[in-house]
Every structure is written in structure tokens, then in C-alpha cells.
Amino acid sequence: MVIKISEFLQKDIRFVTGVGEARAKQFNKIGVYVAEDILYYFPRNYEDRTKIKNIIELVDGETICIKGMAVSKVAESRIRKGLTLYKILIRDTTEAITATWYNQKYVANRIKLEERYVFYGKVSVKFGKKEIMNPIFEEADSNQYTQKIVPVYPLTASMTQKVVQNIVGNCLKAVDQGVQEFLPHWVRGKYMLAEINYALKNIHFPDDYHSFMKARRRFVFEELFLLQLGLFRIRHKSQQLEGIPFKDVPELQGFINRLPFSLTEAQQKVLMEIQPDLKSGKPMNRLVQGDVGSGKTVIAMLTMYMSVKNGYQAALMAPTEILAEQHYKGFSDFFAKENMKICLLTGSMTKKQKKAIMEDIQEGSADIIIGTHALIQEQIEFHGLGLVVTDEQHRFGVKQRATLASKGKNPHVLVMTATPIPRTLALILYGDLDISIIDQLPPGRKKVETYSIDDSKRKRLYDFLRKQIAEGRQGYIVCPLIEESEALQVKSAVQYAKNLKESALTECNIGLLHGKISAKEKEGIMRNFMNGDIDILVSTTVIEVGVDVPNATIMVIENAERFGLSQLHQLRGRVGRGQYQSYCILFNDSKSKVSRERMKIMQETNDGFRISEKDLQLRGPGEFFGTRQHGLPDLKIANLFSDMDILKLAQEAANHLLEIDADLLHKEHRLLRQRLMKVFDSRIKDLMLN
Ligand code: ADP
Ligand code: MG
């Protein structure tokens, strides 16, 4: 019996009663493929239909159940073309109420005179006359859709709540409480977690609030526990590997002294954390988190220097060609002076160029290799790769990092991210890495002055822009965000730039960047901006992370209310990189309290950690992380902000489990191991378990 159910759970959803071909396709679109996925398709909300009131007690505006008898036939009244009302009078022992349906003749006709029903809907009371609008109803003793807590699912087009509710119900019926528990007994006991069948039933159709909370707590724990366990396993496995033991590099201090600035204390601290890793004989796996402009690049540079001095190549992978080029230019002087050969490899190079560079890499004449994804896509062979650095880690997945590392024999890995997140959360998302934080900006940075304005100040803003440009400065304008479609977005950006050119900023050179521009054109435009040939760069959100144009002093963001705080902060980080006072202007036309609060935060602080914390609070972590793109399982139910206490427990449990049975080989951990394999993306499974 048990076997049968586990087989059923892996069956295509087409075989679940009520699904079929057409609906299966719809479900596939939202990531539901097998029966088990349906059970894990959690409601986004619930409607409490448990309360029944006497009609006489009803008040205007409430949504509630009433139990009563139909005491009139259906009265039909055509209001206008396309709108017909169907009304029935309902009576309980206290009073009468009219039930009204819009255009739903078949619904109203199902009600039989003098039969008793439960109705659930929104009540209006006007001049003492009571009405319940478009109520859901069923026979008084049916209890299927009323008198209970009903799940509200996230829907796709052409699915209805009832359909999904029924399908989930059928699926629960089919497994008949026979789903095998995969959480070890000791974990459930110690953390007081509900059993899986109980939890499945009550997450979908809770008996009451208390049962729902128990069910939810179990799934939140389960989700975070599996995520932690997976990441800890990746880390554990990499710690078993033999790394390349680097030796101390006495010349490093001289190299540091030749930099045009002295390191901040925070940078020194991070460097001190990196050095022992390199010497340990195990591969380093370290994340450097630091706010925009905190100076992560130089940390990468120094670490790469140590690698080359130890006789090993070092590679740096950046998410875009612009960034890769920028690093290449920035590093070139330094490394040339040290007699190290540096080379650049990007996708847009010609075959011939690539070939020459790849030969240099292979025969070992290239010491420092900087590139884009091309570094993992091309068939490159390194000549002893000692260190891999990925810049702007949030754009790369666990797997991409590993692919690059696999080009060497367990090289050291350093990842850098400018999305500062609170440490507790970093431990989750980057649970496979050690973490260093640069929590200080280089001295002398001027705070970017930030203003939130509405349309009435537009003219003044343009005057200000012209003035800054006359003084030789440059600026960015991020276009209105249009979410409906990329095509519309592009169209509006083109129009926007044209309008600016024709009216407000006629005398300025305006460049335009958007998603439909080819990589090559884009680079040309960026280069012109860097050279100062473009005064104002109008851009959709494709504007590059990490771009460093110190002469740019103004960042204007249209529709700022539509961006996440962290994104605004990233965009703002494009200015304030040089000696000039810089400004960030946020257009906010929304009067909502939340958006006003968000603008206020942006004006008050330049601290990325604080901003990301607020962002999490206001937006929720799902959107914030985009775990999918990391190859990690989605968080379907856990909220990393409000479920912090459960998170800590899940971490503790995962840690404990690794202490007692790191490879999950005990009999009582067998199912957990299987489960872990299932939820993690196939791309990173092999990093985690063998
Ligand atoms: P990010 O952390 O955003 O990648 P970068 O590494 O690009 O920041 O550094 C931003 C700017 O600060 C660069 O122009 C860099 O040369 C400069 N910088 C880095 N460290 C220092 C320092 N200790 N003192 C002064 N300037 C620094
Ligand atoms: Mg950077």
C-alpha cells in the first residue's frame, strides 16, 4: 500500500481525478507536474466561512454564512443589455434577506423552493433592506464549500478556486493519509512538528486556525530545513576536498603599498580572513558582501595577486561584458607593473581572438584571466587554476560557480556580492559559503543626496540637470517601468528619450539603452558614456550593475515607487563614485503610505544593509531572492523575515544532523536523503550528495 502511494505521488498530474490534458498543461505552467506537486501547491490565503449568523444580526459590508430556506421563486429583472439580476428571498427563524446573482440564471435556478441552504457572501444593508450578493451556496447539510475554512489558491487564467479545491481534495483522498513521513522521528519530536498527513490535510483544508498553524509550521520548518541541509551538505563536501595550499606572499605588502589608496580597516579585515583560507590546504569558499562602492574589487585583485605569486592562474568572472572590460582595464596597469600577464575573454570576441587567448591560457602564459560567462561556455583548459572569483554573485548560480571551479583542481573560490543582506539571511542563502563583510566605505565619500519629488517639480529637475551638464557632469535617467511587456517597455523608452531630446534637454547628448539593443551597440553606447560623449544616459532597468563612471553625478528614477528598495539602492550606487557631490532624484507619484515610507528610507540612509532589511520587511523575501535562479528550491511558504524563529531551529537541526550522520546514511535518514535529492535542482544535486 505504502509503495503504491509513493508511486502515485510521482505520477503525472493528468492522472489525478479532475485534472486531464488541458488542465495539466495549465498546471505545468506554474511548476506543477506530478501528483505530489499538487499537495505542495499551497493556498495563498484562506476564507473563514465557519461563522453562521442570524439574518437579523447581519451588518452592512460583512462577508458571512447564513442558513435559511428559499421562500420565493427566482425573480428575473433585466437592468440593461448584458446585465440581468436573479433574486430569491431567503428566510431563517429571525428575518428575511434577498439573495442576488448577476447574470447567473443557472445558479439561481438550482435553488429549490422551501429547501434549506447555507449561503456565503457579502452582505449589504441599505435602508433596512438586506441583500447578499452573488453568494456561494450548498445544501444545508453538505458542508463542502461553506461552514469551514476554505483555501484560496494562486490561480492561472481559466482555473477557478472550486476547480483547484476539488483537485487538491481528490489528491488528498487518493493518498488516503498514506504519505510516508520523511522527517526523522527525532526531528519531529524535538521541534514538535506535525506529522505529514495531518499537515497536508490542514494546510489545504484546516479544521480550525490552530490546526492550520500547526500545519504551516511544519512546512515552513521542512522547507528551511531542507534548504539548510542541502547547502550545508555542499559545504561539507567541499571541505572534504583537497585544496591547493598557498604559501605566504611577502611581496603582497609592497603591492598594497603601491595602490593609489590605503585599504580601509574593513578591507584589511576581510583580507585577513581570506589569507588563512588560502593556506589551509582546503579549497576556500568565501563570500565577500559589501555595499556598492565599498571596494570589493581590490580584494579580488589582491587575492588574485597571491594566486599568481603562488604559481597559479586566477580567473574572474563578471556578469556582463561591460563589467568584465572595466575590470580588465582597471587591473591592467597594476598587473603589468608586476610583470603578470592579464587577458580578457568575452563572448563577443571573434573566434580568432578567442582562440589566441585560449592558447595563452592553456599554455600558461596568461596569469590573470578576466571574462564573462564565456569562461564557462568555451572549452577552455587552464594551466593550473588556483583561484576563481565571481563578481556580483547574485547574478550567478551555485552551479555556474562550480562549473568554473571545475576547470581547475579544487581551486579557491571567492564570490563577491553587492546585495547586502542581514547576516542571518546570508547564512541561509549562502549556507555553503563562509562570509566576510566589508562594512565600511572608503573615506571621503559624499553621501548621495536623495530627493523624492512628484511631477510638479519636473521642470526644476530639468533645469538642474542642464546646469550640472554645463558644469561637465553626466547623469542617468531610468525610464518609467512598464511591467506588461518588454515590447511596450522598449517603445516607451524610445519615446521618452525622444521627448527629452525635443523639449527639455535639446542641447544635451542623450544616449538610450534598453533590452532590445544588441550587446555590441550597448557596449558602444556605454563606452561613449564613459568617455563623456554622452551627457545623459536614458535607460530601462538593463543599466549595468557595478558600472563605474565617476563623472556621473545624477541618477533620476522615474516611477520609483515600482522598484524594490534594494534595486533603488543599486541604481543609486551608480553615482557618488567620484569627487563630486552626487544626487539621486526619485519620482514618486504614488500617494500610498508604503511608497511614502519607502521614499523616506531612501532619503534617510545610504546604508545598504539597513535598506535591504527594510526591503525584506516591505516586499517579502520571495521576490527579493529569486532562489530559482540560484538553482535552490523555491521557498513556497516560509517567510525569511517573519519565520526567523523557525529558521533558527531548522538551522540547528540541520547542523545537528550533519554532526551525527553527515552523509545521511542511517536507516532513519534514508527517506530524508531521497527527499533532499528531489527538491534540489538536478543541476546542483551532485554538489551535495554522491
Ligand atoms: P564595489 O564594492 O561596488 O565593487 P569598487 O571595488 O568598484 O566597489 O570600488 C569603488 C571605488 O572605490 C573604486 O573607484 C575604487 O578604486 C575605490 N576604492 C576602493 N577601495 C578604496 C580605498 N580603500 N580607498 C579609496 N578608494 C577606494
Ligand atoms: Mg563591484
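Computed from a predicted structure; not experimentally measured.

(A) Main features of the overall build of the protein. Across its full length, the protein holds 26 helices and 21 strands. When each of the 690 residues of the protein is scored for burial, the buried share is 53%. In the protein, the proportion of contacts linking residues at least 24 apart, taken out of those at least 6 apart, comes to 72%. With an accessible surface of roughly 31,900 Å², the protein has 51% of that area assigned to carbon and sulfur atoms. Side-chain charges in the protein split into 98 positive and 83 negative, and the spacing between the mean points of these groups amounts to 3 Å.

(B) Expanded view of the packing of helix α12 (residues 321–337) against helix α19 (residues 519–531). Where α12 contacts α19, the axes come no closer than 10 Å and their chain directions differ by 45°. By the angle between their directions, the pair α12 and α19 is classed as oblique. Two packed elements cross with a definite hand, and for α12 against α19 that hand is right-handed. Within the contact between the two elements, α12 uses Glu321, Ile322, Glu325 and Gln326 and α19 uses Lys522, Glu523, Met526, Arg527 and Met530. Of the residues in the contact of α12 with α19, the class split is three nonpolar, one polar and five charged.

(C) Spatial organisation of helix α20 (residues 565–572). Taking burial as the measure, the eight residues of α20 include seven buried ones, the bulk of the element. Buried within α20 are the following residues: Leu565, Ser566, Leu568, His569, Gln570, Leu571 and Arg572.

(D) Structural detail: the sheet that holds strand β15 (residues 434–438). Strands sit in the order β11-β12-β10-β13-β14-β9-β15 across an open sheet of seven strands; the sheet is parallel. Two strands lie at the open edges of the sheet, namely β11 (342–345) and β15, each paired on one side alone. Here the strands of the sheet are splayed against their neighbours by 20° on average, with no regard to which way each runs.

(E) Focus on the packing of aromatic side chains. This structure, assessed with the given rule, holds 20 aromatic pairs. Judged by centre distance (5.7 Å) and plane angle (70°), the rings of Trp101 and Phe137 are edge-to-face. A residue pair is termed long-range when its members are at least 10 positions apart, and Trp101 in strand β5 (residues 96–102) and Phe137 in strand β7 (residues 129–139) qualify at 36 residues. The pair Trp101 / Phe137 is uniform in exposure class, with both members buried. Note on Phe464 and Tyr583: the rings are 5.0 Å apart at their centroids and 90° apart in plane angle, and the pair reads as edge-to-face.

(F) View of the pattern of salt bridges. Going through the model one piece at a time under the given rule, you end up with 33 salt bridges. The closest approach of N and O atoms between Asp463 and Arg466, which form a salt bridge, is 2.4 Å. In this pair, Asp463 and Arg466 are both assigned in helix α17 (residues 458–470), three residues apart and thus about one turn of the helix distant. Assessed through its relative accessible area of 31%, Asp463 is described here as partly exposed. Each of the salt bridges in this network shares a partner with another, and the network as a whole consists of Glu181, Arg188, Arg218 and Glu222.

(G) Representation of the layout of surface pockets in the model. Considered as a void within the structure, the second largest pocket measures approximately 970 Å³ in volume. Around the second largest pocket, the lining comprises 33 residues; the ones closest to its centre are Phe261, Gly295, Thr297, Asp548 and Arg577. Within the residue set of the lining of the second largest pocket, elements represented by two or more residues are α11 (296–309) and α12. Here the lining of the second largest pocket gets six residues from one element, more than from any other, and that element is α12. When the residues that make up the lining of the second largest pocket are grouped by side-chain class, the tally is 14 nonpolar, twelve polar and seven charged. Two domains each put at least three residues into the lining of the second largest pocket: domain 3 (252–438) and domain 4 (449–605).

(H) View of the packing of helix α8 (residues 209–240) against helix α25 (residues 670–679). Between α8 and α25, the shortest axis-to-axis distance is 10 Å and the interhelical angle comes to 85°. By the angle between their directions, the pair α8 and α25 is classed as roughly perpendicular. Contact residues: α8 offers Glu222, Phe225, Leu226, Leu229, Gly230 and Arg233, while α25 offers Leu672, Arg675, Leu676 and Val679. A breakdown of the residues in the contact of α8 with α25 according to their chemical character gives six nonpolar, one polar and three charged.

(I) Structural view of α19. The end-to-end C-alpha distance of α19 is 18 Å, a good match for the 18 Å that 13 residues give at a rise of 1.5 Å each. Along α19, the residues that are buried comprise Glu523, Ile525, Met526 and Phe529. Each buried residue of α19 sits inside an arc of 160° when the element is viewed along its axis, so together they form one side. Residues Lys520 and Asn531 are exposed on α19 and point more than 90 degrees away from its buried face. Gly532 occupies a position one or two residues after α19 and carries a positive phi of about 90°.

(J) Spotlight on the side chain of Ser612. Its location among the elements puts Ser612 in helix α22 (residues 608–619). Judged by relative accessible area, which is 1%, Ser612 ranks as buried. At a separation of 3.1 Å, a polar atom in the side chain of Ser612 contacts the main-chain carbonyl oxygen of Phe609.

(K) The arrangement of empty space enclosed by the protein in detail. In this structure the tally under the stated criterion is one cavity of 30 Å³ or more. A volume near 60 Å³ is recorded for the largest cavity. In terms of lining, the largest cavity is formed by Ile322, Glu325, Gln326, Lys329, Glu523, Met526, Arg527 and Met530. Those elements that provide at least two residues to the lining of the largest cavity are α12 and α19.

(L) A negative patch on the surface, seen in detail. A surface patch of like charges, here negative, comprises Glu114, Glu115, Glu139 and Asp141. Locating Asp141 in the fold gives a position in the loop between β7 and β8 (149–152).

Criteria and thresholds
Residues numbered from 1 in each chain as written. Chains lettered and ligands numbered in written order. Predicted model: local features only at pLDDT ≥ 70, side-chain atom pairs only at ≥ 80, totals over all residues. Heavy atoms only, no water. Helix = DSSP H or I, 4+ residues; strand = E, 2+ residues; numbered from the N terminus. Buried < 20%, exposed > 50% of the residue type's maximum accessible area, 1.4 Å probe, protein only. Contact = heavy atoms within 4.5 Å. Areas by Shrake-Rupley, 256 points an atom, 1.4 Å probe, with all protein chains shown as cover. Lys, Arg positive; Asp, Glu negative; His and termini not counted. Charge placed at Lys NZ, Arg CZ, Asp CG, Glu CD. Axes fitted to C-alpha atoms, helices over the stretch in contact; angles between N-to-C directions. Parallel < 35°, antiparallel > 145°, perpendicular 65-115°, else oblique. Left-handed = near helix turned anticlockwise from the far one by under 90°. Nonpolar A, V, L, I, M, F, W, Y, C, P; charged D, E, K, R; others polar. Pairing = 2+ DSSP bridges. Phe/Tyr/Trp six-rings, centres within 6.5 Å; stacked < 30°, edge-to-face > 60°. Salt bridge = Lys/Arg side-chain N within 4 Å of Asp/Glu carboxyl O. 1 Å grid on protein atoms, 1.4 Å probe; cavity = no way out; pocket = protein on both sides within 12 Å on 5 of 7 lines; lining within 4 Å. Points joined across faces, edges and corners; volume = space filled by probe spheres on them. Domains from an automatic or database assignment. Expected span 1.5 Å × (residues − 1). Arc of directions from axis to C-beta. Polar contact = N/O pair within 3.5 Å; in protein donor to acceptor, adjacent residues only side chain to side chain. Patch = residues over 30% accessible without salt bridge, like charges linked within 9 Å, V, L, I, M, F, W, Y side chains within 5 Å.

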